[in-house]
Every structure is written in C-alpha cells, then in structure tokens.
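These are the residues of each chain, in order.
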Amino acid sequence: ILGIEALGILVGFLGLIFRVNLPIIIIIITYIISIILPLIIIIFEMKGIYLSEIIYMNIAKYYSNRNENSKAKEILMKILEKYPNSYYLHKQLAQICEKTKDIDIAIDEYIRVLDANREDFETQLKLGKLLNVQGRKQEGAKVLKELLKIKPDYYEASCLLGDILYEEENYKEAVNVYLQALNYNPDKYELYYNLGMLYTKLNDFQSAKEYYE
C-alpha cells in the first residue's frame, strides 16, 4: 500500500518540481493510485481479504480452469503458509480437492472453513455430504444435526440427514427429521413418500397409508 501511495505522490511531486502541467488523465491516475486504490485495499483488509491473497487465489483459479489442479493446489498451499486462517483460501483448496477426488483432504479443508466461519451453511451441508460419501455416516449426521439446529428450514440438509438415518435403520429419528422439514416445506411430496416408507418400516401401516395418500 505504501509503495502504491509513494508512486502516486512521486508523480505529482515531480510535476510540481519541474513545473509541468500534467495532462488531466495523468492527474486522475495519480489520485487513483495514491488515494483511491490504497483505500480500497485497506477496506478489503479490514474484512480479512488481503491483496496478495486475492492475487494468488486468481492464479490458482486460472490453473484449476486449465485442469492443472496440482499446480493450483501447490499455489494455494504456499500462500496458506502466510495466511493459515484464511476462510477463502481453505474453501478454494477444498473445492479443488473435491474436484480431484481427494475427498479426505477436502473434508479437512471444509472443517477449517467452518472453523473460520460457522455461518457458512452451504459448506456445512457439503461437509455432511462428503462424510456420508466416505462412509463416515455418524459424523455426517452430527454435522447436519448441528446445521439444522441453526437453520431448521434447510430442506436439503433435512433430506440428507433423513436419508442417512434411514440407511442406519434409525427410523424413529428419521421420522422426526422429516416431520420437522414438513413444517417448512409442506408442498414437498418426497417428504410424504419418505414418511410413508419409514412408517412402513415401523409397522405403523395406518400412518404409512395416510402419508402415501
């Protein structure tokens, strides 16, 4: 930031010393690089986003778009040494690892993302899905239960949790999950069908009939 400010000030200072009437476009550029650009950078840094972080993230995105994912991961891991708690860097690395099927690493990175921002509900759902895919169903269910405590109207989380509980033969708890989801999504026919299936498993055929109907 100081370097950018110094460059803008230097241009204006040289114009004064040599009494040069700078073109208006040069004056505008001088103000931009000495005042406006540093202010923008400071605002970003106040929000926890740093210029070098943005540059490296875009370079990594470039390589990822070219399917050079190993190079993208290398770049992100290098900048993470400087910003080890960066929400954005960990999230981008997790997404690339998921893309390359490095699911265990992706899970670890998504956990770090949530450590940095507990209100990233999309990432919490993603973590629950990946844990389920890896056969870590109980861990996935725990993540989804925590998510639904905060955001009980999250339909996708309810469906995924219900599916996991069904597969684990925890039918009564799955019923409770789907019934809660119905409070927020009464028009979702899948919920009625799933409840019909669950009540059939529980030998409550009258309730199953009602939900199938």
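Predicted, not measured: the structure shown is a model, and the values here were computed from it. (Residues numbered from 1 in each chain as written. Predicted model: local features only at pLDDT ≥ 70, side-chain atom pairs only at ≥ 80, totals over all residues. Heavy atoms only, no water.)

**Observations regarding the environment of Leu191**
Short version of the rule: We count a stretch as a helix when DSSP gives it H or I for four or more residues in a row; a strand needs E for two or more, and each element gets its number in order from the N terminus. In what follows, a contact means two residues having at least one pair of non-hydrogen atoms within 4.5 Å.
Within the fold, Leu191 resides in helix α11 (residues 189-201). On a C-alpha basis, the gap between Leu191 and Leu179 in space is 8.0 Å, while along the polypeptide they are twelve residues apart. Setting aside chain neighbours within four positions, we find Leu191 in contact with Tyr155, Cys159, Tyr178, Ala181, Leu182 and Asn185.

**Some thoughts on the side chain of Glu109**
Let me state the cut-off plainly: Throughout this description, buried means an accessible area under 20% of the type-specific maximum (1.4 Å probe, protein chains only), exposed means over 50%, and partly exposed covers the range between.
Turning to its location among the elements, Glu109 is positioned in helix α6 (residues 103-116). On the basis of relative accessibility, which here comes to 7%, the residue Glu109 falls in the buried class.

**Some thoughts on the packing of aromatic side chains**
Here is the rule we go by: Side-chain rings of Phe, Tyr and Trp (the six-membered ring for Trp) are treated as a pair once their centres are within 6.5 Å; stacked means planes under 30 degrees apart, edge-to-face means over 60, and tilted covers the remaining angles. Only when the NZ of Lys or the CZ of Arg is both within 6 Å of the ring centre and within 35 degrees of the ring normal is a charge said to sit over the ring.
This model, assessed by the stated rule, comprises six aromatic pairs. Look at Tyr62 and Tyr63: their rings are 5.4 Å apart centre to centre, the planes differ by 70 degrees, and that puts the pair in the edge-to-face class. One aromatic cluster in this structure is built from Tyr192, Tyr199 and Tyr211. Positioned above the aromatic ring of Tyr155 is the side chain of Lys188, whose terminal nitrogen or guanidinium carbon lies 4.9 Å from the ring centre.

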